[in-house]
Every structure is written in structure tokens, then in C-alpha cells.
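# A closer look at the structure
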Amino acid sequence: MSVISCLLSLSPRLLSKSGLRFCELPISKRMTWLSVPLQCCYTSEASNSVDNPCAGLERYKDLQQYFKRRLKAAYRRFSNTPVDSVVCGHSHVYFIEGDGIYRMDNRRSKPEQVLNLGHVSVQEEKTSPGNEKRKKWVQWTVQRIRLSPQEKHLAATLKANDREWIRCVVVSLERSNSSPLDPPHVLLTLDKVFTFEWATDQVLFYTILEGLRCSRVFRLDLTSSGSRITSVYEETYPDVFVEVALSRDREVLSINCNSRTSSEVLLIDTNTTHLEPFLVQSRQLNLLYHVEHWSRRLIILANTGRGQEYQVMQAPLSQPSVDSWVPLFVPEPGTVIKDMDVVGDHCVLAVRTSADEFVLTAVPLNHPNEAYTVELPSWACAITTKKPSIADPRGVLEFLISSPVCPPVPYGLHVEDGLLLSGTENGSSPENQDNYTTTRLEARSQDGTSVPVTLMYSAHVQASRKAPLLVHVYGAYGRDLNMEFCPEKRLLLEQGWALAFCHVRGGGERGLSWHRQACVEGKPRAVEDLEACLHHLFSLGVSSPSLTALTACSAGAVPVGALCNRHPQMMRAVTLQAPFLDVLGTMEDPSLPLTLEDREEWGDPVGNPKHRLTISSYCPLHNITPQCYPSVLLTAYSADARVPLAGVLKYTRRIRNVIKTHFSKEPKSEFEPVPNVGLNIQHGSNHVGPEDFELMLEEEALKLAFLYTELRLEPPRLPSKRRR
């Protein structure tokens, strides 16, 4: 069951999931046989017309194609990386392959197709300017699979690529008495389904995504005469996001209603016949909680600890309100609970220590005073725990650990004896860990706060002033900076780059207080933290400003853009993906889909003068001034509902304008080259970017070509082939 990740699911300007997650089965396969959208790339140097935001990216074209080949080879190299893409039933194993979902049992060598995605795909009709209609097939990606308790039905959500369109397909897996060889068949489809869980073999609960909100829960009953859908719950608060989840033992289904400042959970006991929801604890401001189930008791992760941080509580299922909560596990000072799961008779916690390393803490629920800690490899930066299948071993927690440069390694924790087993022979990465170094540093921010920095570099290069440096940052919504494996990062590391990950305030790396310190009027702290991290790296002899680039996604563009306005000399280049740059304009416009709920994060410039003053002090768009900026590559998506394209276009025009103004007054010199501001618009793509593999490679290759060109680096050479 997803725990803290559920509480943080409302982060709208978030490009990718947190690197630490106890939640979803990451099932995602690309389909190449369906049509794909076209991309369009734009750029303009300062000398180009500022009124034309769309010009060619020809200067990077050759190098882009070169890096596309290198990236394709890197992805092929790591194609055997383990993923949790298999669902185990009582009698079959289900998996995704090419054009659909398949299953196999122990007696059959040939896979049986459960769902053909080509049959699900519907056609869209488009009207051309000449009133002619053309048809375009929708490209689907499997997101989640759920099996009913006795494996009688399967439900799967499919996402339409390059748009926020989700469809749930319900498939019957039962064999008829008259024809035991009848293939599985689709019973019905449901549009806009976001989360869904089986309570019984005939009852499915689900939420629907309307715009960017989930506020309603429905119940689907499958009967001998057909199906029936009824409304179960509807949330009235506009800033509350609703999800359904199933406990690991499958005995309790929860309806989680979370805002960024409060929680309310309703439970459905799957052992009862009526399946009616009942309340755990009514909503209270600043109370966040999530529940798991064990032996007719609730195991509750709640921010009732010191400084409103998370601790583990317990209460009887029959008396679930906060008055019945008693402490089960309190973390030591300086440690932060990042997530929780209940495995067998143990509560397993993912904990970030005061040294910024990850460990697992197992708490025996019958003897909570006998909790023990399991050390993980020091290079571990991300943990992904497998969503349990209905036939998985009861006392084993299966998970993957990875880092930005280390592909996932499978592990299994046997909670009864604390035995940790790795899927590799030496318990390390499939490749030699001695090839690179992971160092955890601390920078001192302007107010004296220590800010953690994770630094990675190749052992043969070491961290030197001659090494190019790519700095990553996010710092918003209480979400950790994404630290999962990325082949592009591994490629850069192997080519002599140093990679720095700045865990600035506003994120969640050091708990809920870490987020609160950089909310609303505290937002400038994230900018100050980022500046301190760069100064600290340079003081240690790691790279130099002329060889430094910053990269960020979505809301992470705010501290980067603000630092570019304040100290543009600290970096040579910047890449921003789906960047949120017009904080002031967005928070002023209540007609935009996320403005009202996002004011808890950024502030209300309309109703609060102090908030307006704070936002105006750092907003990237509204603080652009004539000076020599670093080169910037912005990647935006035309179908992005979270970060409107208009703000990115406005930022692009304004920064080009001031660069032109600066160089019209200041003479050009070889020491101050004219920066290039490039705009790459992906048509048809949404906030997470293109899901087609080739388009994704084009986008990433363009970023690498941009970095090498603007930092004036020689492109890496392909390894020469040995002659026979």
C-alpha cells in the first residue's frame, strides 16, 4: 500500500515520482506499432528577433543525432534491468508483452493473451480545415493491473500516450462450464479511472480523474445479469485529492482523502457483506495520517511526533479515532520515516538517517520494543517496493534499490529473521561499484542551515575543477528530488562528468519540517540553499562556474530561474523541462486548474500583500533584468495542463529581449559569449513528456548536445572496434 506517497500525490507540478516509494507496480511498456505524434523544436539566439519564439535548433542537430545513437546504446545496455512487471495469481503469472497482457500457468508453455491493446484502442476523428475527417489510433500504455481475490477478474488501467486520458478495462478470467477453453474476454471499460481496487471478486472500487482532481469514489458490482455502478463518496473540498488503496493483507480497503495540510480516511472491511465505508478520524488542520491493517488493528503513520514529524501509531479497528491512537514506534532524533508497509507480523519502515543514508527498520508488531535495523548499501538513493500480488510470500518484502547512476538491484527482506537477500551474487550493482564514488556532503545556507548534497563522479576522474558538473534540484511540495536510475546520468558519469543533487528546503528529504521551512513566505530559502550548494562544491574544488550546468523539472525551475536572475555567473548553461516560471502570474489567476490549491505551497498574491511581496522577490519571470545570462534550453509540452505553455513562451521572449538589450550596450568579447536561449516544444505531449521511445531519445539527445555545445566540450568518442 502506498503511504506517504499517497499523502504527496497532490503535487501537481511534479514531473516524476519520488525516488523513494512504497507503492505502485511500475508497469509500463511502449508500443511502437501505433502512430506517434510529431515533435517540433525551436530556438533563437539573442541576435534573432525576440518577436519570433520559434526558430530552428540547427546548431545542435548533428550532435543531437550522435547522442541519440549513444543513448540508444545505453538503454540497450541496461535493457535487462529488473522491474516489477509481473503479477502473480493463484494459478497464473501475468505479464505485459508487446501488444497486450498475457498469462501463463505451470502446465502451459505457450502464453495466453488476456487483453489485446489493439482491440481496446479507439479511433479519434479529427476535422481538417477543409472539413475533412481523418482517423488516428490512440496509443495505449498499461499502467496498473489488479487481480480479484480468487483470480476471477482482472482490471487494468491504460493511459493514452501524450495526453491525460485513462481507461480501465475489466476482463473476465473465468472459464465457462460448457467451454473450458474459452479465452478471457472484456466485460466493460471505464473512462478516467485513476485508482482502483477489488474488494471481492465481484466488487471493484475506483476513483475517476476529472481535470486534475480526483474527488469521487464509485463501486462497480458485477452480477450474472450484467453490471451496476453506484456512487460511494464525493469530496466537497476543492483542494482534497481522493484515492482508494488496499491493505497488504487485502482485508481493508481505504478511501484516502488528502490535502497538503490534512487527511481523512474511510475504511471498508472486505470481510463484511455490505462493504460500507466508516470513518477513521475526521479532518483536522495539520494532521496527516495514513493507515495499514494487521490482525484487526490499524497501523497508522501520522505526523504526531516531535515537530509534527511522522511516527507509527496503532488503534483497534473497532475504535479507529485519534482518541484511541497509541505510539508503536518513535524514530530517533535526526532520522526521518520516509514510508511504511506491513509485512507479515512486522511493520517495515524506510528511514533516512541523520547521515542522509537509507535503512530499513522492522518493528515486530507483537513485540515492538524488539525493532531492528537493516543496513542498505551506501550507494542506495532510491527504494521501490513491489506491490504485493495475491500469491506472494507473506513474510517477505521484495524491493529494488538504485541510484541515478546504478541500475536497480532486487532485494528481499525476510522479516522474521532479518535476512536480507540480494538478486545479485555480491549484493552489489550488476556492474562494479568501484567505477564511481558517491559522496554525501553538507552545505551551509545563508541562515546557517545544513543542506545535504549528494555528489557522484567516476573514480578515475575524481572531483576536479576540470570536470564538467551537472547540478540537479527540485525543492517543492515536500517531494524528494528524483534519485532513481537514469541511463543518461550514467552516460555522463562515464564521460567524466560530476553529478550533484542538491536536496534544498521545500523538498521532503529531511521530513515535513524541511518542506514547511520553504513554503509560501519561506520560498526564497530554496534559492539560498541552491546558491550555498554551488559555493560549497566550488570551494571543495569540484568543477568551476564555466563548466557547470543546472537542470530541473517542473517546479524545480523556480529556484534555478531565481538563481539565474541573482547570480548568472555561477553557471554556464541551464536545462529546464516543463518549467514552472511564472509563479506570480499563475497564483494571480484563479481560473487556472491548480491555482487555488497551489496557494498553500506558493502563497496568495491577491489576498495577502506579504505573499505578493515574497513571490515578487524571487519569481523567475518577473525578475529578469538586462545582464549576461547562462545559455538556457527550455522544453515545454503543448498539452501540459499543469504548467501552461503561455508562461514558458512569455519567459522565453523576455529573457531573449533583455539579453539583446545587454549586448547592445556592452561590447561582446570572447570571455562573455552571447548565450543561446532555446525553446523545444513537444506538440501533443503532456506534463511528463513524450512516452514514445524514439521521441524521448530525441529530447534527451538534444539536452546532451546543448550541454556539450554550450560548455564547449569535446563530444565523447565511440569506442573503436577491434579488428579480427
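Above this text you will find the structure in question.
A brief look at the structure comes next. (Residues numbered from 1 in each chain as written. Predicted model: local features only at pLDDT ≥ 70, side-chain atom pairs only at ≥ 80, totals over all residues. Heavy atoms only, no water.)

### Some details on the overall build of the protein
Cut-off, in case you're wondering: Elements are defined by DSSP. Helices are runs of H or I of four residues or more, strands are runs of E of two residues or more, and each kind is numbered from the N terminus. Under the scheme applied here, a residue whose accessible area is under 20% of the maximum for its type counts as buried, over 50% as exposed, and between as partly exposed, the area being computed with a 1.4 Å probe on protein chains only. The protein chains shown are the only cover counted for residues, whose accessible areas, like all others here, come from Shrake-Rupley with a 1.4 Å probe.
Counting its regular elements, the protein contains 12 helices and 40 strands. When the 724 residues of the protein are sorted by exposure, 60% land in the buried category. Accessible surface computed for the protein: about 29400 Å², of which carbon and sulfur atoms make up 49%.

### Concerning empty space enclosed by the protein
Cut-off, in case you're wondering: Using protein atoms alone on a 1 Å grid, points that fit a 1.4 Å probe yet trap it form a cavity, whereas open point sets bounded by protein on both sides within 12 Å along at least five of seven lines form a pocket; residues with an atom within 4 Å of a point count as lining. Grid points are joined across faces, edges and corners, and a volume is the space filled by probe spheres set on the points.
Tallied over the full model, the rule gives six cavities of 30 Å³ or more. Along the walls of the second largest cavity sit Tyr474, Gly475, Ala476, Lys523, Ala526, Val527, Ala555, Val558, Pro559, Trp602 and Tyr618, which together make up its complete lining. Residue assignment for the lining of the second largest cavity shows that the elements contributing at least two residues are α6 (524-539) and α7 (557-566).

### Side note on the sheet that holds strand β10 (residues 153-160)
Spelled out, the test is: One bridge is not enough; two strands pair if DSSP finds at least two bridges between them. Every angle, taken between N-to-C directions, lies between 0 and 180 degrees, and every axis is a line fitted to C-alpha atoms, over only the stretch in contact when it is a helix.
What the four strands build is an open sheet, ordered β9-β10-β11-β12; its pairing is antiparallel. Only two strands of the sheet have a single neighbouring strand rather than two, namely β9 (140-147) and β12 (185-191). Shown here is a sheet whose adjacent strand axes are inclined to one another by a mean of 25 degrees, direction ignored. Note: β9 against β10, seven bridges, orientation antiparallel. Across the sheet, the residue bridging to Trp140 is Ala160, located in β10.

### With respect to the pairing of strand β27 (residues 358-364)
Burial runs high along β27: seven of the seven residues are buried. The two faces of β27 match: Phe358, Leu360, Ala362 and Pro364 on one face and Val359, Thr361 and Val363 on the other face are all buried. In terms of strand pairing, β27 meets strand β28 (residues 372-375) through four bridges, oriented antiparallel. In the sheet register, Leu360 faces β28, and the bridge partner there is Val374.

### A closer look at the pattern of salt bridges
We apply this condition: Take a side-chain nitrogen of Lys or Arg and a carboxyl oxygen of Asp or Glu: if they are within 4 Å of each other, that pair is a salt bridge.
Taken as a whole and assessed by the stated rule, the structure comprises 31 salt bridges. One salt bridge in this structure joins Arg59 and Glu710, with 3.7 Å as the shortest N-O distance. Of this pair, Arg59 sits in the loop between β2 (40-45) and α2 (61-77) while Glu710 sits in helix α12 (residues 693-710); the two residues are 651 residues apart in sequence, bridging distant segments of the chain. Residue classification places Arg59 among the partly exposed positions, given a relative accessible area of 42%. For Arg296, the salt bridge goes to Asp269, with nearest N and O atoms at 2.6 Å. Of the two residues, Arg296 is situated in the loop between β21 (289-294) and β22 (297-302) and Asp269 in strand β19 (residues 263-269); the sequence distance between them amounts to 27 residues. Its relative accessible area of 38% is what places Arg296 among the partly exposed residues. On the basis of relative accessible area, Asp269 is assigned to the buried category, the value being 10%. What emerges from the salt-bridge pattern is a single network uniting Lys68, Lys72, Glu694 and Glu698.

### Considering the side chain of Lys523
For clarity, the cut-off: We define a polar contact as two N or O atoms separated by no more than 3.5 Å, with the added condition that, inside protein, one atom must be a possible hydrogen donor and the other a possible acceptor, whereas residues neighbouring each other in sequence contribute only through side-chain atom pairs.
Residue placement: Lys523 occurs in the loop between α5 (512-516) and α6. In this structure the side chain of Lys523 is engaged in a polar contact, spanning 3.4 Å, whose partner is the backbone oxygen of Ala518.

### A few points about the sheet that holds strand β14 (residues 203-210)
If you trace the four strands from one edge of the open sheet to the other, you get β13-β14-β15-β16, paired in antiparallel fashion. The open sheet is flanked by β13 (193-198) and β16 (226-234), the only strands paired with a single partner. Recorded for the sheet is a direction-independent mean angle of 25 degrees between the axes of neighbouring strands. One ladder, built from four bridges, connects β13 with β14; its direction is antiparallel. Looking at β14, one finds that Val193 is bridged to Ile208.

### Some words on the environment of Ser224
You can see Ser224 is positioned in the loop between β15 (213-223) and β16. Take Ser224: its relative accessible area is 84%, and that puts it in the exposed class. Sequence spacing of Ser224 and Gln202 is 22 residues, and the spatial spacing of their C-alpha atoms is 9.9 Å.

### Considerations on the packing of α6 against α7
The condition is simple: Roughly parallel refers to an angle under 35 degrees, roughly antiparallel to one over 145, roughly perpendicular to one between 65 and 115, and oblique to any angle outside these ranges. By definition, turning the near helix anticlockwise from the far helix through less than a right angle yields a left-handed crossing, and turning it clockwise yields a right-handed one. Every residue pair with non-hydrogen atoms within 4.5 Å of one another is taken to be in contact. Note on residue classes: Ala, Val, Leu, Ile, Met, Phe, Trp, Tyr, Cys and Pro are nonpolar, Asp, Glu, Lys and Arg are charged, and everything else, Gly too, is polar.
Their axes nearest at 9 Å, the elements α6 and α7 cross at an angle of 70 degrees. As summarised for this structure, α6 and α7 are arranged roughly perpendicular, according to the angle between their axes. For the crossing formed where α6 meets α7, the hand is right-handed. Residues Pro524, Ala526, Val527, Glu528, Leu530, Glu531 and Leu534 of α6 form the contact with α7, whose participating residues are Pro559, Val560, Ala562, Leu563 and Arg566. When grouped by side-chain class, the residues that make up the contact of α6 with α7 number nine nonpolar, no polar and three charged.

### Some thoughts on the environment of Leu596
Tracing the backbone shows Leu596 in helix α9 (residues 595-602). Given a relative accessible area of 53%, Leu596 falls into the exposed group. Through-space distance from the C-alpha of Leu596 to that of Pro238 is 8.2 Å; in sequence the pair is 358 residues apart.

### Quick word on unusual backbone geometry
The phi torsion at Gln308 lies on the positive side, around 60 degrees, for a residue other than glycine. Note on placement: Gln308 falls in the loop between β22 and β23 (311-316).

### A look at the packing of aromatic side chains
This is how the line gets drawn: Geometry of aromatic contacts follows a simple scheme: Phe, Tyr and Trp rings, the Trp one being its six-membered ring, pair when their centres are within 6.5 Å, and the pair is stacked under 30 degrees between planes, edge-to-face over 60, tilted otherwise.
A full pass over the atoms with the stated rule returns 13 aromatic pairs. Seen from their ring centres, Phe67 and Tyr708 are 5.0 Å apart, and the 40 degrees between their planes marks the pair as tilted. With Phe67 in helix α2 and Tyr708 in helix α12, this pair connects stretches of sequence that are 641 residues apart. In terms of burial, Phe67 and Tyr708 fall into one category: buried. Judged by centre distance (5.5 Å) and plane angle (85 degrees), the rings of Phe194 and Phe241 are edge-to-face.

### Description of helix α11 (residues 645-665)
Note the cut-off: Take the number of residues in a helix, subtract one, and multiply by 1.5 Å to get its expected span.
Taking 1.5 Å as the rise per residue, α11 with 21 residues should run 30 Å; its terminal C-alpha atoms sit 31 Å apart, in good agreement. For α11, the complete set of buried residues consists of Leu645, Gly647, Val648, Leu649, Tyr651, Thr652, Ile655, Arg656, Val658, Ile659, His662 and Phe663.

### A few points about the packing of α2 against α12
Between α2 and α12, the shortest axis-to-axis distance is 8 Å and the interhelical angle comes to 120 degrees. As far as their axial angle goes, α12 and α2 are oblique. For the pair α2 and α12, the sense of crossing is right-handed. Contacts between α2 and α12 involve Leu63, Gln64, Gln65, Phe67, Lys68, Leu71, Lys72 and Tyr75 on the former and, on the latter, Phe693, Glu694, Met696, Leu697, Glu698, Glu700, Ala701, Leu702, Leu704, Ala705, Tyr708 and Thr709.

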